[in-house]
Amino acid sequence: MFVPCDHGGPSATCDFKGFTLLMPAVSVGNVGQLAIDLVISTLDMTKVGYFYTDCLVPMVGNNPYATAEENSVELSINAEVYSLPSKKLVVLQIRSPFIKNKYRPFCQMLLAWVKSSKCARVVLLSSSHAYQRDDEQLLGTPLRYLLTPDLETAVGGLMQELKWKQMEKVAAYPGINDTEKVLHIPGGGITKRLFTESCSNGIQMAVLLKFCSEGDNIPDAFALVNYLNEWLQLIKSEGENSTDTSSQWKIPSSWRLLFGNGLPPALF
C-alpha cells in the first residue's frame with residue numbers, strides 16, 4: 001500500500017489524477033531500475049511516499065540521489081514514490097528483488113493503487129535476455145514496446161510514426177507447432193504478468209524493454225531512457241534532428257559504487 005511522506009515540501013503532491021506512472025520491472029541487468037535512476041536524478045524529482053509491502057526483500061540505504069553532505073544521510077527503502085507535478089509524472093522506484101510467489105499479490109496491489117489514484121497510464125521499463133531471442137527478434141534494434149488495447153487506441157499511431165518495433169510473439173512449441181504464438185519475455189520479472197493483468201483490467205499500460213545481457217548495463221540504461229524520451233519528451237535533445245540525449249541525463253551519486261570499491265593499491 002502507498003504511504004505518503006509528511007515532509008515532501010511544497011512541491012510534493014499525492015494527487016496523481018491524470019499523471020503518468022513510470023516504474024521499472026526487476027529484470028535482467030536491472031536496466032529498468034537504472035533508467036528510472038536517471039529520470040529521478042535528472043528531473044530532480046521530489047520523494048512523496050513509499051510502498052509498504054511484504055512482496056519485496058526488505059532493504060534500507062542512504063539517499064541514492066544525494067547532492068550534498070546534508071541530504072546524503074537521508075534514508076531510502078525498497079519501494080519509493082517520486083513526483084513531478086509540472087510534467088504530470090509520478091515514478092515508483094523498486095530497489096530490491098521480489099520474494100518468491102509474491103508476484104501476483106504485488107501486481108494486484110499496484111494496479112488497485114493505479115485505479116484508486118486515477119493515474120492516466122502506466123509505463124513499465126524492462127529488459128529481456130538477449131540470448132533467448134528468436135530469429136525475428138535478432139533483426140534490427142534491440143528495443144521493443146508493448147501496448148495494452150486501451151492505450152493502443154490512444155498512442156498506437158504515434159508509435160508507428162516513431163518507427164518503433166512491437167515485441168514479437170514467439171512459437172509456443174518451437175519445432176512442433178510454429179503457428180501458435182505466445183508472448184515470451186525471459187528475464188523480464190513481473191513484466192508479462194503486469195502487462196496481461198493490465199490488459200484484462202482495462203488499464204492503459206506501455207512496456208518499453210531492451211534485449212541485453214548481465215554485466216555493465218549502464219549503456220543499456222541510457223539506451224532505454226533515450227527510447228522513453230523519444231515518446232514522452234522528458235528532456236529536450238540538444239540538436240534539432242537528434243534523438244540522443246545521453247549527455248543530458250544526470251548520473252546519480254550512488255552510481256559511483258555500482259561495482260563496489262576500486263582495487264586496493266596493495267595488490268600491485
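Bear in mind that the values here come from a model prediction, so they are computed numbers and not experimental data.

About the criteria used
- Residues numbered from 1 in each chain as written.
- Predicted model: local features only at pLDDT ≥ 70, side-chain atom pairs only at ≥ 80, totals over all residues.
- Heavy atoms only, no water.
- Salt bridge = Lys/Arg side-chain N within 4 Å of Asp/Glu carboxyl O.
- Buried < 20%, exposed > 50% of the residue type's maximum accessible area, 1.4 Å probe, protein only.
- Helix = DSSP H or I, 4+ residues; strand = E, 2+ residues; numbered from the N terminus.
- 1 Å grid on protein atoms, 1.4 Å probe; cavity = no way out; pocket = protein on both sides within 12 Å on 5 of 7 lines; lining within 4 Å.
- Points joined across faces, edges and corners; volume = space filled by probe spheres on them.
- Polar contact = N/O pair within 3.5 Å; in protein donor to acceptor, adjacent residues only side chain to side chain.
- Contact = heavy atoms within 4.5 Å.
- Pairing = 2+ DSSP bridges.
- Axes fitted to C-alpha atoms, helices over the stretch in contact; angles between N-to-C directions.
- Left-handed = near helix turned anticlockwise from the far one by under 90°.

(A) Representation of the pattern of salt bridges. Tallying each qualifying case throughout the model produces seven salt bridges. K165 is paired through a salt bridge with E168; the nearest N and O atoms lie 3.8 Å apart. According to the relative accessible area criterion, E168 is buried, its value standing at 8%. The partner of E197 in a salt bridge is R193, and the shortest N-O contact between them spans 3.8 Å. Remark: R193 and E197 occur in helix α4 (residues 191-201); sequence separation between them is four residues, near one turn of the helix. Judged by its relative accessible area of 13%, E197 is buried. For R193, a relative accessible area of 30% corresponds to the partly exposed category. Salt bridges sharing common partners tie together K47, E80 and R95.

(B) Quick look at the layout of surface pockets. Approximately 510 Å³ is the volume found for the largest pocket. Forming the boundary of the largest pocket are 23 residues, of which L34, D37, R95, W255 and L258 lie nearest the centre. Mapped by element, the contributors of at least two residues to the lining of the largest pocket are α1 (31-43), β4 (60-62) and β7 (89-94). There is about 390 Å³ of room inside the second largest pocket.

(C) Region of interest: the side chain of N78. Its place among the elements puts N78 in the loop between β5 (75-77) and β6 (79-84). Accessibility expressed as a relative area gives 7% for N78, which makes it buried. Here V57 takes part through its backbone oxygen, which lies 3.3 Å from a polar atom of the side chain of N78. Residues in contact with N78, not counting those within four places in the same chain, are F51, L56, V57, P58, M59, Q93, I94, R95 and S96.

(D) Just unusual backbone geometry, in detail. Phi is positive for D44, close to 50 degrees, though the residue is something other than glycine. As for its position among the elements, D44 is in the loop between α1 and β3 (46-51). Backbone geometry places K88, a non-glycine residue, at a positive phi of 50 degrees.

(E) Fine view of the sheet that holds strand β12 (residues 205-212). In space, the eight strands of this open sheet follow the order β1-β3-β6-β7-β2-β8-β12-β9, with mixed pairing throughout. Of all the strands in the sheet, just β1 (2-4) and β9 (143-147) have a single pairing partner and so form its edges. Geometrically, the sheet is characterised by an average inter-axis angle of 25 degrees between neighbouring strands, direction not taken into account. In this sheet, β7 lies alongside β6 in antiparallel orientation, the contact comprising six bridges. Paired with S83 across the strands is V90, a residue of β7. Against the sheet, helix α2 (residues 103-117) engages β1, β2 (20-24), β3, β6, β7 and β8 (121-129), with an angle of about 160 degrees to β2.

(F) Seen up close, the packing of α1 against helix α5 (residues 218-232). Where α1 meets α5, the closest approach of the two axes is 8 Å, and the angle between their N-to-C directions is 65 degrees. Note on packing geometry: the crossing formed by α1 with α5 is right-handed. Contacts from V31, G32, L34, A35, L38 and V39 of α1 reach α5 at I218, D220, A221, F222, L224, V225 and L228.

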